[in-house]
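Chains, contacts and geometry: an overview
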Amino acid sequence: MKNETKKGFYFKQYEAPFQSPFDKLFDVFKELITHTSGDFDEAIDWLRELDKEYKLTDENYTIDDFVEDLKKKGYIRDQLKDDGTPGIGITAKTERAIRQQALDNIFGNLKRSGSGNHKTKHSGNGDEHTGEFREFHFGDGLERISLTESLRNAQINNGLADFMLTENDLVVEETQYKSQMSTVLMIDISHSMVLYGEDRITPAKKVAMALAELITTRYPKDTLDILVFGNDAWTIAIRDLPYLKVGPFHTNTVAGLQLAMDILRRKRNTNKQIFMITDGKPSCVREKDGSYYMNSYGLDEYIVDKCYNQAQQARKLHIPITTFMIANDPYLQKFVNRFTEANQEKAFYTGLKGLGEIIFEDYRVSQKSFLLCLIFPHQYLKNLLLRGGGNPLYF
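Each value, and the rule that gives it
Residues numbered from 1 in each chain as written. Predicted model: local features only at pLDDT ≥ 70, side-chain atom pairs only at ≥ 80, totals over all residues. Heavy atoms only, no water. Helix = DSSP H or I, 4+ residues; strand = E, 2+ residues; numbered from the N terminus. Phe/Tyr/Trp six-rings, centres within 6.5 Å; stacked < 30°, edge-to-face > 60°. Buried < 20%, exposed > 50% of the residue type's maximum accessible area, 1.4 Å probe, protein only. Lys NZ or Arg CZ within 6 Å of the ring centre and 35° of its normal. Polar contact = N/O pair within 3.5 Å; in protein donor to acceptor, adjacent residues only side chain to side chain. Salt bridge = Lys/Arg side-chain N within 4 Å of Asp/Glu carboxyl O. Patch = residues over 30% accessible without salt bridge, like charges linked within 9 Å, V, L, I, M, F, W, Y side chains within 5 Å. Areas by Shrake-Rupley, 256 points an atom, 1.4 Å probe, with all protein chains shown as cover. Axes fitted to C-alpha atoms, helices over the stretch in contact; angles between N-to-C directions. Parallel < 35°, antiparallel > 145°, perpendicular 65-115°, else oblique. Left-handed = near helix turned anticlockwise from the far one by under 90°. Contact = heavy atoms within 4.5 Å. Nonpolar A, V, L, I, M, F, W, Y, C, P; charged D, E, K, R; others polar.

Glancing now at unusual backbone geometry. Glycine aside, the phi torsion of most residues is negative, and most peptide linkages are trans. The phi dihedral of Ser37 falls on the positive side, at around 55°, and the residue is not glycine. With respect to the helices and strands, Ser37 occurs in the loop between helix H1 (21-35) and helix H2 (40-54).

For the rest of this paragraph, the subject is the packing of aromatic side chains. Evaluation of the coordinates by the stated rule reveals twelve aromatic pairs. Between Phe26 and Phe29 the ring centres are 6.3 Å apart and the planes differ by 20°, which places this aromatic pair in the stacked class. Pair noted here: Phe26 and Phe29 are both in helix H1, with a separation of three residues, about one helical turn. An angle of 85° between the planes, with centres 5.2 Å apart, marks the rings of Tyr293 and Tyr302 as edge-to-face. Relative accessible area serves as the criterion here: at 36%, Tyr302 is assigned to the partly exposed category. Linked through ring pairs, Phe22, Phe26, Phe29, Phe40, Phe66 and Tyr75 together constitute an aromatic cluster. Taking the ring centre of Phe22 as reference, the NZ or CZ of Lys73 above it sits at 4.9 Å. Positioned over the ring face of Tyr75 is Lys93, at 4.6 Å from the centre of the ring.

Our focus in this paragraph is the side chain of Asp222. Residue position: Asp222 is located in the loop between helix H6 (201-218) and strand S7 (223-229). At 3.0 Å, the side chain of Asp222 and the backbone nitrogen of Met181 are in polar contact.

Turning next to the pattern of salt bridges. Applying the stated criterion across every chain yields a total of eleven salt bridges. One salt bridge in this structure joins Asp64 and Arg48, with 3.0 Å as the shortest N-O distance. Of this pair, Asp64 sits in helix H3 (residues 63-72) while Arg48 sits in helix H2, placing them 16 residues apart in sequence. Under the relative-accessibility criterion, Arg48 is labelled partly exposed at 32%. Between Asp225 and Lys267 there is a salt bridge, and its shortest N-O distance comes to 3.1 Å.

Let us now look at a nonpolar patch on the surface. On the surface, Leu147, Leu151, Leu160, Phe163 and Leu165 cluster together to form a nonpolar patch covering roughly 490 Å² of accessible area. Structurally, Leu147 is set in helix H5 (residues 147-158). Accessibility expressed as a relative area gives 56% for Leu147, which makes it exposed.

Here we take up the packing of helix H7 (residues 253-265) against helix H8 (residues 301-316). Contact pair H7 / H8: the axes reach a minimum separation of 9 Å and the direction vectors enclose 15°. In terms of axis orientation, H7 runs roughly parallel to H8. The two elements H7 and H8 meet at a crossing, and its hand is left-handed. Counting all contacts with H7, which are made through Thr253, Val254, Leu257, Gln258, Met261 and Arg265, the residues of H8 involved are Ile303, Lys306, Cys307, Gln310, Gln313 and Ala314. For the contact of H7 with H8, a count of residues per class yields six nonpolar, four polar and two charged.

Okay, structure coming up:
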């Protein structure tokens, strides 16, 4: 009898991939430690509460066993609290694990590549081979000569009997530039980011951590600076992101934009951009004498005009500002619309879930339209093409 191969699909009950008790709890712990801004004791208290409700552990592996494993594996260490009493804090190893989890959650479909990955349409002395060849010209580097194609030409032109390699036989392979990008990420830490029962700062932190991990692994030639703005603006290190908290601050958007542009002026990269995550309401500016002018009621014309001026200044410096608006108040959206028009760039009105699912798959290149790929796993919408500059998108 002939062996017949059957083709088709074989269905079976789903089996979750194996995870050790530590790994299961560690995934939850990393999420909790992000929400608690690095407060280990509070994160463990929440983990115990979740364990009571969802039976995350059993008699063979308890929360105490998990804490002991965290110490053994180097994820936590003994340290003094701010008040001088003994406590426990997370280590740099945990900080990296949190950033990696944010990257996996938000940028899960992206894989690591080599140096730079922002393609342009220009051929030249780049670092990516295009597969196209041309004749050798004076000034071409020797490393760009395609030895195989050049020897093939020499054989065709001169034959095997009188084989010789001449300049006319040489062929070089075209390469493509991969532009480098300098990005400043602005995060609003004003008190309004936690008002009205909404935690807006945690999704912002996750996006920042994912973006930081993405750039350091996939785009090693690029630079990322992160700044926060409340009454004033200041830069923070990537390692400080898990500990970021809001404060009793107003929103000095002008100070944030000024600092962002000062940072980018010092960068050598031609391509520069600003990403701003905010709930949209500027309520503070610092005057020349060092005093603060504040107004929390509505949109103060004096303050918003200064914001529009900064947007226009950034446009003159060829620095695009992409605004991610995480509030839906109509009068705030009106402000963001005018701000976007002043810079002639884009604004996204996105809920907190949408913000956490945004990925920046490619950055804006100088004088070229850029692709910002948004992935919304819950709605299964992928690769949405953006409309023209100055047009807000709503989600």
